[in-house]
Structures are given as structure tokens and as C-alpha cells.
Amino acid sequence: MIQPLLERDITKRPDRLRLSGRILFLTEDPELIRCQLAGEDLAWDATNPANNPKLRDDISTDEITPAHYCFYFDQTLGEIPYMGLKCGNVLPVARGDVKRGRFVCSVSGKRRGKGSSREQSPYAEMSAGIQVVIAENIERIYKQNCQNLGLLTSTDFSLIDKIRAGQEIALSEFTAGEDDITRQVIEYGGLFPFNVARMRKKVFLPPIQTGKRPMTLAEKIFAKHMVTPEGQVGVEAVKPGDTGFTRVDLRFSHEYVTPMAAIFYEHYVGKGVPVNDASSIRFFRDHLTFLDEVLSEEKKKIGLLDLATQLKLKQEDFAKAQGIKLHGELKDRKGSEGICHSVMLESYALPGQVNVGSDSHTPHVGAIGCVAFGIGTTDVFNSWITKDVRVRVPESVKIVIRGEKQPNVTAKDFILKILSLDYVRSGKALAKVMEYAGEAVEALSVDERATMTNMAAEIGGFTGIVAPDAKVIDFLMERRGMNRREAAEMIRGLHSDRDAEYAQVIELDAAQIAPMVATPGDPGNGKFIRDLNTPVPVELAYGGTCTAGKNEDMDMYAEVLADGLKQGKRVAESVQFYIQFGSQDTREYCLKKGYLEIFQKAGARVIEPSCGACINAGPGVSTRPDQVVISAQNRNFPGRSGPGQMYLASPLTVAASALAGYIVEYQSSQARELAGSRG
């Protein structure tokens, strides 16, 4: 235990609260938002909801705190909440508007806080004066970040009238339905004071008393990692709803999050106090390596590039002081050693582990049968103290894709199809484990499975996972140098029991899935390319990010471009095509395969590893609202990668569209010849 923490005075919140201030309704109509910001309170009929204006659904953390403003990690964030909020084609909120408006409550519709795990979003809302967030449903990581910071959340719209009337509200209104641990986190005003109370034995940690039962793969892994009230690790079994702390095998963070977590750590714990087991922590400089190439002169003038540099330096200093492994920038050329998710899969994560990371795409490593999930800044810095994180064992959804896929269909098409399902779009999959199975999934390589587990984040799921098999054994042998016996032993027993219970089982026929795109605005806007009404010309094509910068993704870009070169085709004159590696290992793979020559001859620009365009921080971002982008990345939320119109697609589709100049399905020349001979 860390002695200074044991000497802290920790008290609970009062049992009753009285909130004094205004309510901001985030509506679809930008004029209604502007009126509220100008001082006019919006009428709200709690009795007849049909009379109320339509609230914005699917507000992402990119819209709450646009990426470039996340370079701040202090109270300055209070100036910028909702600056990226898009209502139609309008951005109605300007800097400082929310803080000046003296709002204590913010109200929106479905799936609030989707997307990035950035804790800057609720921190910005709190710093602007917001004390309560109300929405129809709330994404898991965003909600947990709110709770960790002390921002109250609710799905109870009857609280609106109570807040407006200045009535006292029982704290139990915000803890109702929560598990014992979450209730106490809320009562103590956040995760850190709760953890101090936990160390001082002032809180109640409910024992997990679930008896032996059939379990899903994720439940089995959690059972082996749950910490008992006595401090032992492992219980006989768990079931959905069981709560506690899970011991973590690996923890990682990147330069967007590490500095804020480090400042919290140094402030609350102390400078020079060692973290708990530095050998199991990894840091990454992977998000902002190419920022200077795309940051506008206006943003540079207000010091955002300098702030981004400070993030890098703070992470480096903390890593050096604590003896933590940092995967940083390259010394001989511009770029990074690799994107955190790519490197974690290639070099560190193992089947059966629990991994946590400061990024919503942490489930990437679920491709090898690892439970991995994103956490926020407060969770990160608390894990440096305790080496565990709080969890409520989630329900699982089994997604079975049967049969054999078409040759031009990829894992990206599978996940875009899943994202388009009503079950997902309605929010029913929120905070659940996505377990992918079926012959079509089993036929996928580990790289392709990682595309699906990675994008469990877009589903809003807790994590994504695939039961490890012979392909995982091969992966561990090829990428980690393990021997076959060691790898086979590692995956023993890592499968769901035959009678395991699922919240939902979804079955799809791989043969019925054709190449897809997600139309601009949301990854859930999935359509078959053949159903697009008119040809969609593109100006930018982007292949990269953690989702699409892996070895097999490079195989796909190379296949399409090599096929095009044979037919005398290059990247269309109207298109800029960027291909970005996910890691240096993948770059080396491309060198050995001769892909760099193919990419260059075809007219694609190759970029060293970085998150880049995916977070509006590298080549490939759009610069005009009318600019159309076809991208293999994972998100196309408004403004995330520039102001343009972004379509999401597979690596095959992105490369084929770059050659054609418009969105098109890839058909190899061999497939076309076969089709022609049959005709």
C-alpha cells in the first residue's frame, strides 16, 4: 500500500443534492441550441414527450471534445464541450458557450458518448459546470468515465422537472440499479476516493458467490482473474452482473492519455512513487506523430501543436522516471514504432489474458482469445496503483457467421453488416461481449479476426473475442517464436461451454453478404455497394489504422494494385491514395513481400505507422465538406477525420475504388475472366 493514500481524508457525498442552474437540451435543431446558449430556456413537456423537440442521438465523444482540443488536460477543457456537435450541417456551439450558459445538466437521446474512450469529454463537461448527464442510453466507457470523475448520469427524464424546480434529489436516484461497487464509486464522488476508501477497508466489496455453471469464453477468463475481498485472484465461476475487480495482465496507454493520468498520479500519489509492476505497463507514442502535416495554421497559432508536443514530452519523462517500456517515435525517419493495438497483438497479448488500454479499440487483441477492453484516464492511473480495474461481468452476444464467404468479401464487410443490424443500431448490444463464431469466422486469419474484435468498439460492446484455435497457434509460432506445444497448451480450455448462456444469438449466412460501405456519419450506416443509387466519385482513399494496417490488409492492397498494374491501371488521377502501416513489423513484412514497389508503381503514397487520418492527425484527412473519402478505418463520425464525406469499406474496396476513381466492388481480373467465359 502507498502510505500517503492511507492518510487522506475521504468522505462521501451528501445523501441529497440540490442542483442550481440551467438545462441544456442537445437537439437536432441547431437554432434551438443557439437559443439556449443565448439565454433562453427550452420548454420541455415531461407528461407528453411527443410535444418535445427531437434530441440528437449518437453523440460521439469526438463531437463532445474534438480531437485537437484533447491536447489540453486541465480546466481549459471547460471552454470546449460540444464544439464538434453537428446538427444537420451546422456546428452551433462555440468556444466558451456552455460555461457562460451556467448549465448544470445536459440532455440528449440514444447512445450518448459513443466512440473514443477519451475521458477529456466528461472532464470538459464537468469543467464547464455540467453536473448531470441525462440520455436515453449511455455508452459503457463514457458512462464509466463519468462515474470515475464524479459526473452524475441518468436515463430518468423525470429528473428534468426536479432540477428545473430546484428540488432536492436523493443521491439514490443516480445509484438505483447499479451494482454495489458502482454505487459506492458514485457515493464517494469518483473512483480515486473510492479506491482510497477501499485500501482503508472502508467500503464493502461483495464476494462473488456464483457456483459452478456453464460459462462463455469471456466469463471463464474473468473467473480466473477476479480479485476476492481477501485479495486472492480467481473464483470458481462468474455470471453476468457479478461485480468486482479483475486483475490485469497488461495495461497500456498512449500520448493522448498518459500525461493526464501521470499528472493525476503525481498529484494524488506523489512524484517518484513507483507504480505497481512497471514491467506489465506499456506506453505508446502513436497518435500524433504526423500532426504537424495537417494541423491548420490557425490552430498552430493558438498553440495546439506546442501542446501536442508537451503530451509527448510528459509521457517520455514519466516513462523514464518509472522504468516503463515506451514504444516511441522512430529515430531515423518520421513515424512511430507502431499503433498500440497492432503492437499489443503482434508482441504482447496472450490467449486467456485480461488486457486494458486507454483506447476504445483495445478489444483488437480479442482475436487471439484475450479479454481486452478500453478504459479512461482515471481507470488508467488507478490501475497503476492497484493493478486491477473494476468490472461488472457483461452479458455475451454470440454472432455466428455460417457458410463460406465470397472471394471479394472480408472481415470488414462482416462487421459493417453486423453494425447495420437493428439489434446493434438500437443500442441493445451496448456493454456486451461480442463473441464471433461460425465457419466463416473460423476460416479468417488472426489479422482478419482482429478487424472484427477491434470494431466491437463501434458496436458499443464491452469487447470482442474469438475462441483461439489452430490459427492462433500458428500466429503465436510465427509472430512470437513459440513452439507448437507451448502455444497449444496456452489455448487449452479457452472456448465457451456448450450450454453457456447468451443475451442474444445472431446468425448470418456469409454467402448472403456482399462488399459493403458505411455511408457518411456513422459506421452503422451499412449498405451493399451494389445498392448505392449512383456512382460515388472519390478524391481521397485511405488504407491504414489499427483496423486496416495489418499484414493481411497489406496483402489486400497489394493484390488489388498488382492486378490493376497488370491491366495498365494506376491510381486514378482524381484520387490521392494513402497506405499506412500499423507497425514496423508490418512495414518489414511489406518489404520482404515486395509490396512497397507495387504501391509506388501504382501511385499510392506509403506512410510510416501512426493513427494518423483516423483521428484527424495525419495525411489522408479531408479538407472540404464536399470532399468524398473512402477509408478502411473504423469510424466515420462527423468531423472525426476532417469535414468531408467519409465512406467506410474493406481494404479490397478502398484499393479498387482508388483505381476506379469511384466506389466500386473489387473483382479480380481472374474472376472477371471466369464470369465472362460463363456468359
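Residues numbered from 1 in each chain as written. Predicted model: local features only at pLDDT ≥ 70, side-chain atom pairs only at ≥ 80, totals over all residues. Heavy atoms only, no water.

Caption draft 1: Highlighting the overall build of the protein chain. Across its full length, the protein chain carries 30 helices and 25 strands. For the protein chain, the C-alpha radius of gyration of 24 Å lies close to 26 Å, the compact-globule estimate for 679 residues. In terms of principal-axis extent, the alpha carbons of the protein chain reach across some 75 × 60 × 50 Å. For the protein chain, the share of sequence-separated contacts (at least 6 apart) that also reach a separation of at least 24 residues comes to 75%. (Helix = DSSP H or I, 4+ residues; strand = E, 2+ residues; numbered from the N terminus. Rg over C-alpha atoms; globule rule 2.2 N^0.38 Å. Contact = heavy atoms within 4.5 Å.)

Caption draft 2: View of the side chain of Ser622. Its place among the elements puts Ser622 in the loop between strand 23 (605-607) and strand 24 (628-631). A polar atom in the side chain of Ser622 sits 2.7 Å from the backbone nitrogen of Gly644. With sequence-adjacent residues up to four places away left out, Ser622 is seen in contact with Leu540, Gln627, Val629, Ser641, Gly642, Pro643 and Gly644. (Polar contact = N/O pair within 3.5 Å; in protein donor to acceptor, adjacent residues only side chain to side chain.)

Caption draft 3: Quick peek at the side chain of Ser610. As for its placement among the helices and strands, Ser610 is situated in the loop between strand 23 and strand 24. Within the structure, Ser610 has its side chain in polar contact with the backbone nitrogen of Gly612 (distance 3.3 Å). For Ser610, the residues in contact, after removing those within four places along its chain, are Asp286, His287, Thr289, Phe290, Ser336, Ile339, Gln580 and Phe581.

Caption draft 4: Representation of unusual backbone geometry within the structure. Positive phi is not limited to glycine here, since Ala431 has a value of about 65°. Position of Ala431 relative to the elements: it lies in the loop between helix 19 (422-425) and strand 16 (433-437). Positive phi, normally seen in glycine, also occurs at Thr545, with a value near 75°.

Caption draft 5: Quick peek at the pairing of strand 16. Burial of strand 16 is extensive: 5 of the 5 residues sit out of reach of the surface. Residues Val433, Glu435 and Ala437 line one face of strand 16 and the alternating positions Met434 and Tyr436 line the opposite face, and both faces are buried. In terms of strand pairing, strand 16 meets strand 17 (residues 463-465) through 3 bridges, oriented parallel. Across the sheet, residue Met434 finds its bridge partner in strand 17, namely Gly464. (Buried < 20%, exposed > 50% of the residue type's maximum accessible area, 1.4 Å probe, protein only. Pairing = 2+ DSSP bridges.)

Caption draft 6: Here's a closer look at empty space enclosed by the protein. Evaluation of the coordinates by the stated rule reveals 6 cavities of 30 Å³ or more. Taken as a whole, the largest cavity encloses approximately 230 Å³ of empty space. Lining the largest cavity are 23 residues; nearest its centre among them are Ser116, His287, Asp359, Ile615 and Arg640. For the lining of the largest cavity, the class distribution of residues is 8 nonpolar, 11 polar and 4 charged. Estimated volume of the second largest cavity: approximately 130 Å³. Lining the second largest cavity are 16 residues, with Gly115, Glu139, Ile141, Ala457 and Gly461 positioned closest to its centre. Broken down by class, the residue content of the lining of the second largest cavity amounts to 5 nonpolar, 7 polar and 4 charged. (1 Å grid on protein atoms, 1.4 Å probe; cavity = no way out; pocket = protein on both sides within 12 Å on 5 of 7 lines; lining within 4 Å. Points joined across faces, edges and corners; volume = space filled by probe spheres on them. Nonpolar A, V, L, I, M, F, W, Y, C, P; charged D, E, K, R; others polar.)

Caption draft 7: Geometry of the sheet that holds strand 11 (residues 325-327). Spatial ordering of the open sheet is given by 11-10-9-12-13, a layout of 5 strands whose pairing is parallel. A strand with exactly one partner marks an edge of an open sheet, and here the two such strands are strand 11 and strand 13 (371-374). Within this sheet the neighbouring strands show an average axis-to-axis angle of 20°, counted without direction. With 4 bridges joining them, strand 9 (residues 250-254) and strand 10 (residues 281-284) adopt parallel strand pairing. (Axes fitted to C-alpha atoms, helices over the stretch in contact; angles between N-to-C directions.)

Caption draft 8: Quick peek at the packing of aromatic side chains. Across all of its chains, the model carries 21 aromatic pairs by this definition. Ring geometry for Phe192 versus Tyr268: centroids 4.5 Å apart, planes at 40°, classification tilted. In this pair, Phe192 is assigned in helix 10 (residues 191-199) and Tyr268 in helix 12 (residues 258-268), connecting sequence segments 76 residues apart. Ring geometry for Tyr265 and Trp384: centres 6.0 Å apart, planes at 70°, overall edge-to-face. (Phe/Tyr/Trp six-rings, centres within 6.5 Å; stacked < 30°, edge-to-face > 60°.)

Caption draft 9: Spatial organisation of the environment of Val393. You can see Val393 is positioned in the loop between strand 14 (388-392) and strand 15 (396-402). Put simply, Val393 and Pro240 are 153 residues apart on the chain and 4.8 Å apart in space, counted from C-alpha to C-alpha. Filtering out sequence-adjacent residues up to four positions away, Val393 remains in contact with Glu219, Val238, Lys239, Pro240, Gly241 and Asp242.

Caption draft 10: Highlighting helix 15 (residues 304-322). The first and last C-alpha atoms of helix 15 sit 27 Å apart over 19 residues, in line with the 27 Å expected at 1.5 Å per residue. Every buried residue belonging to helix 15 is among Leu304, Ala308, Leu311, Gln315, Phe318, Ala319 and Gln322, and all of these are buried. One side of helix 15 holds all its buried residues, which, seen down the axis, span an arc of 100°. Looking at helix 15, the residues exposed on the side facing more than 90 degrees away from the buried face are Asp306, Asp317, Lys320 and Ala321. Positioned one or two residues after helix 15, Gly323 has a phi angle of 70°, which is positive. (Expected span 1.5 Å × (residues − 1). Arc of directions from axis to C-beta.)

Caption draft 11: Local environment of the packing of helix 16 (residues 340-348) against helix 23 (residues 470-480). Packing of helix 16 against helix 23 brings their axes to within 8 Å, and their N-to-C directions diverge by 95°. When the axis of helix 16 is compared with that of helix 23, the two are roughly perpendicular. Taken together, the residues of helix 23 that come into contact with helix 16 (itself represented by Met344, Leu345, Glu346, Ser347 and Tyr348) are Phe475, Arg479 and Arg480. (Parallel < 35°, antiparallel > 145°, perpendicular 65-115°, else oblique.)

Caption draft 12: Inspection of the sheet that holds strand 17 at higher detail. Taken together, the 4 strands give an open sheet; going across it, the order is 17-16-15-18, and neighbouring strands pair in parallel fashion. Of all the strands in the sheet, just strand 17 and strand 18 (504-509) have a single pairing partner and so form its edges. In this sheet, adjacent strand axes meet at a mean angle of 20° when their direction is disregarded. Sheet topology places strand 15 next to strand 16; 5 bridges connect them, and they run parallel. Counted as the bridge partner of Lys398 is Glu435 from strand 16. Sitting on the sheet, helix 18 (residues 411-419) is in contact with strand 15, strand 16 and strand 18, with an inclination near 130° to strand 15.

Caption draft 13: Here's a closer look at the nonpolar core. Core analysis: the largest hydrophobic core is formed by 77 residues, its most contacted members being Leu288, Phe373, Phe381 and Trp384. When residues in this core are grouped by element, the largest group, 6 residues, is from helix 10. Beyond its immediate sequence surroundings of up to four residues, Trp384 is in contact with Arg251, Ser253, Thr258, Ala261, Ala262, Tyr265, Val275, Asn276, Ile281, Phe283 and Phe318. Ranked by size, the runner-up nonpolar core spans 42 residues in total, among them Leu416, Leu419, Ala429 and Ala510. (Core = buried A, V, L, I, M, F, W, Y, C linked by side-chain atoms within 4.5 Å.)

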